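Listed below, chain by chain, are the residues.
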Amino acid sequence: MSAARTRIPVAGVAESLLVFLAIMALWWLASHQEWVSKVFLPTPEATLASLKEGLFDGALVGNSVDTINRMLLGWLLASLFGIALGAMIGISATARAWLQPTLEFIRPLPASAIMPLAISIFGLNASMVLFVVAFGSMWPVLLATVHGFATVQPRLREVADALQMSRAMFSWKIALPSAMPDILAGMRLSMTVSLIIAVVGEMIASQSGLGQAVLLAARSFRASELFAGVVLLGAIGFAANALLALAEKKLLRWQRP
Amino acid sequence: MLATLLRWLRPFVFPAILIGVFELYTRRVAAYSDTLAPPSAAVRAFVDALFQGDILSATGFTLMSAGIGLALAFVAGAGLGIVLGLSPRAARMSFFSIEVFRPIPSVALIPLAMLVFGFGVSMEVSVVAFATFWPILILTQAAARQVEPILLEVSQALQLSYFQQVWKITLPSMLPRLFVALRQGVAIALVVAVTVEIVANPHGMGYAIMIAQQSMEPALMLAWLFWIGIVGYVVNELALLLQRCMAQRMGGRP
C-alpha cells in the first residue's frame, strides 16, 4: 500500500499531472469522436455538468452524506468490536489456539455473502446494511489486533511480570501500544472494505446513497450521472485513505527514532 | 497419541459448538421459521443441490469468471508494474493517475459494466479485472524495484536489450514476489466475483445464495453460505501453497 508513496520532486509532479491530463484528453477524444458509444461513455463535460447539477440541487450531496455516514459508522463499530475481540483473543495463547483456526476460515469469506442471511434476519433496511458493513470490515481489524497482541516482544512481557502488572493493565499499557501499528494498518484496510460494502448494501437493499444512485443512473441509461457518482465514490475512497494515512503517520511518530 | 489427536481436533471444537447451538436454537426456539434453518437441514439441501448439479455449475461459473478476470489483471498489472518498477521516471509520471484511479471502489463499476456488457461472463470479468489490477500493479512495481542493483549492472555490462534484461534478469529474480502479488489477487478476485453476482449478475454462487434467500429457502441459503466459505478457504490455501512452493524453489524470502 505504501509502496507507491515515494518522494516526488517538483518536476515529477508536473510530469505526473501531464500524464493525467493526457488520459483525460484521451477520454475527451474517445467520447467526442464516438469511438465508444455515448451510451456507455459520456463526455467529460457532460460528467462535470451532471456532477455540478447534482451537487447544486443537493441530490448528490445527500447521497454522498448517506454513504459516508454508513461507511464511517460501520467502520467505527467494526474497529471497536475488532479491537476489543482481537485483544481478548490475542492476549491469551489458549484462546488463540482454540479460536484462530475458525477466524482464519471465515477471513476469506466474501462479506457480501453474509448479506442474504442478514436480510432474512433484519429485513431490507438500513440497520441490515449497517450490520453487514460492520461485520465485513471487522475482520481486517480483528485479525490485525490478534496478530499485534500475539507478537508483543517477550522482553516487554518480562517487564510487565517484574512490575507485577495485572493482565488488564498489561493489555492497556503495553500490548495495545505495541500492537498499534498493526491495528492502524488493519483499520485502514477496513475503511476500504466498509466503503465497498456500504455501496453494495445500498445497491441490494435500495437504501439511499451513492450506491443506489449509481445503479439507478445505469438502469435508466444516464451515463453522465453514473460517471458523476463513480467520481464521487473515488473521491471519498481517496480522501478516507489519505486521512487515515496521515493519522497513522501522526500516531506512530513515537516509533521512529 | 491422545494428545496429538486432541491437538488435531482443537480447531474444530469452536465451530462445532457454534453449529450445535445454532442447531438447537433453530429446532427449539425458531422452529418453523421462514428465515432460519438448522444446519442439519442445510446439509440435506446441499446434498440435494449437489446431485442436481447446481453446486458444480454455479461454482464453475464463479471460479471461471474470477480466474479470467485475475489472469487479465495479472498480465496487465504485472507487465505495467515491471515497466514502472524498472524506470523511476515512468513511475513518477504515472504516480498521480494511479493514485486517482486506484481508490475507486470496484463495486461502483458494476452498474457501468452492466451497461456496457449486459449480464454474463464479460461484465463479471471486467469488474474482477479492475479490482485485482491495482494491488497486483503496486506489488509488482515494488518487487521490480527491489531487484538487486548489481544484477542490473551485470545486464548492462552484458549489453542486454531491455526485453532481454526483463526476461533473463528481472523476471527470474522477482518471481517469488510475483507469486505474492498473485495470491493477493486470488483473495480479492473471488470476493469480487461473488459480490458482482449478489448485486447484479444472474449467474454463479452469489446469485444462487440470493435466490435461495428470496425464495424463502433458508436451508439452501445456509448451504450456499457454508459452501462459499469452503471454496474461498480452499482456493486461498492453494494460492498460499503455490506462493510458498515458489518461494522455496526460487530460494527467495517468502
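Up top is the structure.
Residues numbered from 1 in each chain as written. Chains lettered and ligands numbered in written order. Predicted model: local features only at pLDDT ≥ 70, side-chain atom pairs only at ≥ 80, totals over all residues. Heavy atoms only, no water.

**With respect to the pattern of salt bridges**
A side chain with one charge may pair with a side chain of the opposite charge, provided their charged atoms come close. All names here are of chain A. Counted according to the given criterion, the structure contains 9 salt bridges over all chains. One salt bridge connects K38 with E34, and the closest N-O pair in it is separated by 3.5 Å. Exposure remark for K38: the relative accessible area of 37% places this residue in the partly exposed category. For R107, the salt bridge identified is with E104, shortest N-O distance 2.9 Å. The partly exposed category is assigned to R107, whose relative accessible area is 46%. (Salt bridge = Lys/Arg side-chain N within 4 Å of Asp/Glu carboxyl O. Buried < 20%, exposed > 50% of the residue type's maximum accessible area, 1.4 Å probe, protein only.)

**Re the environment of P42 of chain A**
Residues and elements named next belong to chain A. Position of P42 among the secondary structure elements: in the loop between α1 (10-32) and α2 (44-56). Taking C-alpha positions, P42 is 44 Å from E104, a pair spaced 62 residues apart along the chain. Setting aside chain neighbours within four positions, we find P42 in contact with W27, S31, T47, A223, S224 and F227. (Helix = DSSP H or I, 4+ residues; strand = E, 2+ residues; numbered from the N terminus. Contact = heavy atoms within 4.5 Å.)

**Focus on helix α2 (residues 39-52) of chain B**
Residue and element names in this part refer to chain B. Taking 1.5 Å of rise per residue, the 14 residues of α2 would be expected to cover 20 Å, and the 20 Å separating its terminal C-alpha atoms lies within 8% of that figure. The set of residues buried in α2 consists of P39, A41, A42, A45, F46 and A49. One side of α2 holds all its buried residues, which, seen down the axis, span an arc of 145°. Opposite the buried face of α2, at more than 90 degrees from it, the exposed residues are V43, R44 and F51. At its buried positions, α2 is contacted by α1 (2-28), α3 (54-86) and α10 (218-250). Downstream of α2 by a residue or two, G53 has a phi angle that is positive, lying close to 90°. (Expected span 1.5 Å × (residues − 1). Arc of directions from axis to C-beta.)

**Let's talk about the packing of aromatic side chains**
Per the counting criterion, the structure on display carries 12 aromatic pairs over all chains. Here W8 of chain B and F12 of chain B contribute two aromatic rings whose centre-to-centre distance is 5.9 Å and whose plane-to-plane angle is 50°, an arrangement assigned as tilted. Here F12 of chain B and W8 of chain B lie together in helix α1, a separation of 4 residues that amounts to about one turn. What makes W8 of chain B exposed here is its relative accessible area of 60%. Seen in terms of ring centroids, F130 of chain B and W134 of chain B are 5.8 Å apart; in terms of plane orientation they differ by 75°. Their pairing is edge-to-face. On the criterion of helical spacing, the pair formed by F130 of chain B and W134 of chain B is a turn pair, its members being 4 residues apart in helix α6 (residues 121-145). An aromatic cluster of at least three residues, connected via ring pairs, comprises F122, F131, F135 and W139 of chain A. Lying over the aromatic face of W98 of chain A, R10 of chain B brings its terminal NZ or CZ to 5.9 Å of the ring centre. (Phe/Tyr/Trp six-rings, centres within 6.5 Å; stacked < 30°, edge-to-face > 60°. Lys NZ or Arg CZ within 6 Å of the ring centre and 35° of its normal.)

**Remarks on the interface of chain A and chain B**
Between chain A and chain B, the contact holds 53 residues from the first and 48 residues from the second. Taken together, both faces of the contact between chain A and chain B bury some 4800 Å²; the carbon and sulfur share is 79%. If you sort the residues of chain A by the area they bury against chain B, E15, W98 and F105 of chain A come out on top, with a joint share of 11%. Remark: the boundary between chain A and chain B carries 1 salt bridge. Here R89 of chain B makes a salt bridge to E15 of chain A, at a shortest N to O gap of 2.6 Å. Summed over the shared surface of chain A and chain B, the result is 4 residue pairs in polar contact (both at pLDDT 80 or more). Elements with a minimum of two residues in the side of chain A that touches chain B: α1, α4 (93-106), α5 (115-122), α8 (167-205), α9 (210-219) and α10 (223-251) of chain A. The leading source of residues in the side of chain A that touches chain B is α1 of chain A, at 8 residues. Of the residues belonging to the side of chain A that touches chain B, the class tally is 41 nonpolar, 8 polar and 4 charged. (Buried area = accessible area lost by both parts, 1.4 Å probe. Polar contact = N/O pair within 3.5 Å; in protein donor to acceptor, adjacent residues only side chain to side chain. Nonpolar A, V, L, I, M, F, W, Y, C, P; charged D, E, K, R; others polar.)

Interpretation note: all reported values are geometric properties and have no functional meaning in isolation.
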